[in-house]
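# Structural characterization, general
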Amino acid sequence: MQRTVIVIAAMAASVTLCAQDGVERVLLAIEQNNTTLDALRKRTEAEKAGNRTQTALPDPEVEFGYLWGGPGGIGHRKDVTASQQIDLATIGGARHRIVDGKDALADSRLRAERTAILLEAKKLCVDAIYYNALLRQLDRRKRSAQALADRQRRRTDLGDDSRMAYHNVLLDLASVEAEENRCVTERQVVMDGLARLNGGMAVELADTLYPAMALPADFDSWLAAAERQSAALDILKRQVEVGRHQLAVSRAEGLPKLSVGFSGEYASDERYRGVTIGMSIPLWSNKSRVRQARAEVAAAEAEHADARLQLYSELRALFRRQAGLRRVADIYRHALDSTSNVALLHKALAAGSISVVDYILGARVHDEAVARWLEAERQWQRACAQLTAVTL
């Protein structure tokens, strides 16, 4: 049983390459096969295509007129007019900057959805690893309880021990088997969740060790990097930029609009051809657009500032929580490393120094400590996954 303590220490102190590759492999598969992400990618491309239609100049206008002359003999007249309105906002590049900003905004929204999906997947991977480790521990407990039940059955048949002690051993074995069945069911639910995220295709994750997790001790320096990578903040930043470009377009739309073209009149004996220039003065149509655009920029800037504050508070709380959960997990690990009584319990039972009930109670204390340690590790890993979601 000393081997159990060695395995526990190895699980806490080191992480194999296989464990890290297992989670990364699952996340890569989900990113490729997730149907929601696939639909969002197509929606983003459609949105970008729609954005590009906003950069085109207004369509040219062509008019043709055929006028019958009267009284008879003066001939007929044909009028031809072609004109093109000039959009100063388009020519100046303001509309192009809006389109570029909207494209970047669409990409940021896609990245935010991708982050949310991969975070859900990573938490499910943490749960799967937890149940894998717990089931391995329960399998060890079941084999030990089964061996003890066989031993007590033989002793009871020989009259060396009471049937009550044998019944206590059977109850302990039934308890372990019931817990194992519960964990098998819970693990299957987790794996079904990963299959759902993987486009309905099952994934394999048999790891019992978590990927290496390295978090900086300095929260403020880490926060600066997290802000730069945050998709949620990037969305609001892009909204501010689009709003500012829209304000520039609204101002340009307040300028007179020019149109240039060609005009011709063709009568029986006369021809008139020349250039036409027109002007549209927006006296009323643009009256409140600049004011609205300026208000939307101010609102977007306020939302961005509020989101930064909320992100700071949320990440600081998560940072503190994961640090506390890490300390809890370390307490259990150090205790299990230094105070395991499993081997001593076996020796005492073999020597007849303790009863079967005392052995069961002592072993259960150890097994419950292992279970609490595994749960603490699981909660810490889930907190770390949420904390580092900005890097996904």
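See above for the structure.
Cut-offs used in this document
- Residue positions are given per chain, counting from 1 as you read along its sequence in written order.
- Residue-level local features of this predicted model are given only where pLDDT is at least 70; pairs of side-chain atoms are given and counted only at 80 or more, and the full residue set underlies all totals for whole chains, interfaces and linings.
- Based on all heavy atoms of the structure, the side-chain values leave hydrogens and waters out of the count.
- Strands here mean DSSP runs of E at least two residues long; helices mean DSSP runs of H or I at least four residues long; both are numbered from the N terminus.
- Only protein chains enter the calculation, and the probe is 1.4 Å; a residue is then buried if its accessible area is under 20% of its type maximum, exposed if over 50%, and partly exposed in between.
- In this description, accessible areas are obtained by the Shrake-Rupley approach with a 1.4 Å probe, and a residue is regarded as covered only by the protein chains that are shown.
- What goes into a patch is any residue over 30% in relative accessible area without a salt bridge, connected to like charges within 9 Å or, for nonpolar side chains (Val, Leu, Ile, Met, Phe, Trp, Tyr), within 5 Å.
- Salt bridges are defined as contacts in which a side-chain nitrogen from Lys or Arg sits within 4 Å of a carboxyl oxygen from Asp or Glu.
- The rule is short: rings of Phe, Tyr and Trp, with Trp giving its six-membered ring, pair when the centres are within 6.5 Å, and they are stacked under 30 degrees, edge-to-face over 60, tilted in between.
- Here, a charge over a ring means that NZ of Lys or CZ of Arg falls within 6 Å of the ring centre while also lying within 35 degrees of the ring normal.
- When DSSP finds two or more bridges between two strands, those strands count as paired.
- Orientation is described by lines fitted to C-alpha atoms, with helices fitted over the stretch in contact, and by angles between N-to-C directions that extend from 0 to 180 degrees.
- Side-chain atoms within 4.5 Å are what join buried Ala, Val, Leu, Ile, Met, Phe, Trp, Tyr and Cys residues into a set we call a nonpolar core.
- Contacts are assigned to residue pairs with any non-hydrogen atoms lying within 4.5 Å of each other.
- By the criterion applied in these results, polar contacts are pairs of N or O atoms within 3.5 Å in which, for protein atoms, one can donate a hydrogen and the other can accept it, and in which residues neighboring in sequence qualify only through two side-chain atoms.
- The length a helix should cover is 1.5 Å for every residue beyond the first.
- Every angle not falling under 35 degrees, over 145, or within 65 to 115 is termed oblique; those three ranges are roughly parallel, roughly antiparallel and roughly perpendicular.
- In this scheme the handedness of a crossing depends on how the near helix is turned from the far one: anticlockwise by less than a right angle means left-handed, clockwise means right-handed.
- Basically, the charged four are Asp, Glu, Lys and Arg, the nonpolar ten are Ala, Val, Leu, Ile, Met, Phe, Trp, Tyr, Cys and Pro, and anything else, Gly included, counts as polar.

## Topic: the overall build of the chain
- When helices and strands are tallied, the chain shows eleven helices and four strands.
- In the chain, buried positions account for 39% of the 392 residues.
- Surface exposure of the chain reaches about 22000 Å², of which carbon and sulfur atoms provide 55%.

## A look at the environment of Ile 129
- Take Ile 129: it is sitting in helix H5 (residues 94-158).
- For Ile 129, a relative accessible area of 1% gives the class buried.
- Remark: the alpha-carbon pair of Ile 129 and Tyr 210, spanning 81 residues in sequence, is separated by 6.9 Å.

## What about a nonpolar patch on the surface?
- Taken together, Phe 64, Tyr 66 and Trp 68 make up a surface patch of nonpolar side chains, about 410 Å² in accessible area.
- Relative to the helices and strands, Trp 68 resides in the loop between strand E1 (61-67) and strand E2 (77-86).
- A relative accessible area of 66% places Trp 68 in the exposed class.

## Details of the packing of aromatic side chains
- Throughout the structure, instances matching the rule amount to four aromatic pairs.
- Summarising the aromatic geometry, the rings of Tyr 66 and Trp 68 are spaced 5.1 Å apart at their centres and angled 75° between planes, so their arrangement reads as edge-to-face.
- The structure contains a cluster of three or more aromatic residues connected by ring pairs, namely Phe 219, Tyr 312 and Phe 319.
- Just above the ring of Trp 380 sits the side chain of Arg 326; from NZ or CZ to the centre is 4.5 Å.

## Comments concerning the sheet that holds strand E4 (residues 271-280)
- The antiparallel open sheet is built from four strands, whose spatial order is E1-E2-E3-E4. Since the sheet does not close on itself, it has two edges, and those belong to E1 and E4, each with one partner. Neighbour to neighbour, the strand axes of the sheet diverge by 15° on average, direction disregarded.
- Direction of pairing for E1 relative to E2: antiparallel, over a ladder of seven bridges.

## A word on the nonpolar core
- The biggest cluster of nonpolar side chains holds 35 residues, and the ones touching the most others in it are Val 26, Ile 30, Leu 194, Leu 205 and Leu 374.
- Mapped by element, the contributors of at least two residues to this core are helix H2 (17-33), H5, helix H6 (163-197), helix H9 (289-338) and helix H11 (356-387).
- Looking at this core element by element, the count peaks at 15 residues for H5.
- In this structure, Leu 205 is in contact with Gly 22, Val 23, Val 26, Cys 125, Ala 128, Ile 129, Asn 132, Arg 187 and Met 191, ignoring residues within four places of it in sequence.
- Ranked by size, the runner-up nonpolar core spans 13 residues in total, among them Trp 222, Leu 233, Ala 307 and Leu 311.

## What about the pairing of E2?
- Where E2 lies against strand E3 (residues 257-266), nine bridges are found, and the strand directions are antiparallel. Within E3, the residue paired with Gln 84 across the bridge is Val 260.

## As for the side chain of Asp 367
- Within the element layout of this structure, Asp 367 appears in helix H11.
- The exposure class assigned to Asp 367 is buried, which follows from its relative accessible area of 9%.
- Engagement of the side chain of Asp 367 in a polar contact is seen with the side chain of Gln 137, the distance being 3.3 Å.
- Beyond its immediate chain neighbours, meaning those up to four positions away, Asp 367 contacts Gln 137, Arg 140 and Arg 141.

## Let's talk about the environment of Glu 179
- Within the fold, Glu 179 resides in helix H6.
- Separated by 44 residues in the primary sequence, Glu 179 and Leu 135 have C-alpha atoms spaced 9.1 Å apart.
- Reaching out from Glu 179, the side chain makes a polar contact with the side chain of Arg 182 at a distance of 2.8 Å.

## Topic: helix H3 (residues 35-52)
- Its 18 residues place the ends of H3 26 Å apart at the C-alpha level, agreeing with the 26 Å of an ideal helix rising 1.5 Å per residue.
- Between the side-chain oxygen at the start of H3 and the backbone nitrogen of Thr 36 there is a gap of 3.1 Å, and the oxygen is on Asn 34.

## Focus on the packing of H6 against H11
- Where H6 contacts H11, the axes come no closer than 9 Å and their chain directions differ by 20°. By the angle between their directions, the pair H6 and H11 is classed as roughly parallel. H11 is crossed by H6, and the crossing has left-handed handedness. Each of Ala 165, Asn 168, Val 169 and Asp 172 in H6 lies in contact with H11, whose residues at this interface are Val 356, Val 357, Ile 360 and Arg 364.
- Grouping the constituent residues of the contact of H6 with H11 by class yields five nonpolar, one polar and two charged.

## Some points on the pattern of salt bridges
- Under the counting rule described, the total for this entry stands at 22 salt bridges.
- One salt bridge in this structure joins Glu 241 and Arg 238, with 3.4 Å as the shortest N-O distance. With a gap of three residues between them, Glu 241 and Arg 238 both fall in helix H8 (residues 231-253), about one helical turn apart.
- Of the residues examined, Glu 241 reaches a relative accessible area of 25% and is grouped as partly exposed.
- For Asp 330, the salt bridge goes to Arg 333, with nearest N and O atoms at 3.6 Å. Of the two residues, Asp 330 and Arg 333 both sit in helix H9, three residues apart, roughly one turn of that helix. Per residue, the accessibility class of Asp 330 equals that of Arg 333, and both read buried.
- Through salt bridges that share partners, Arg 111, Asp 234, Arg 238 and Glu 241 make up one connected network.

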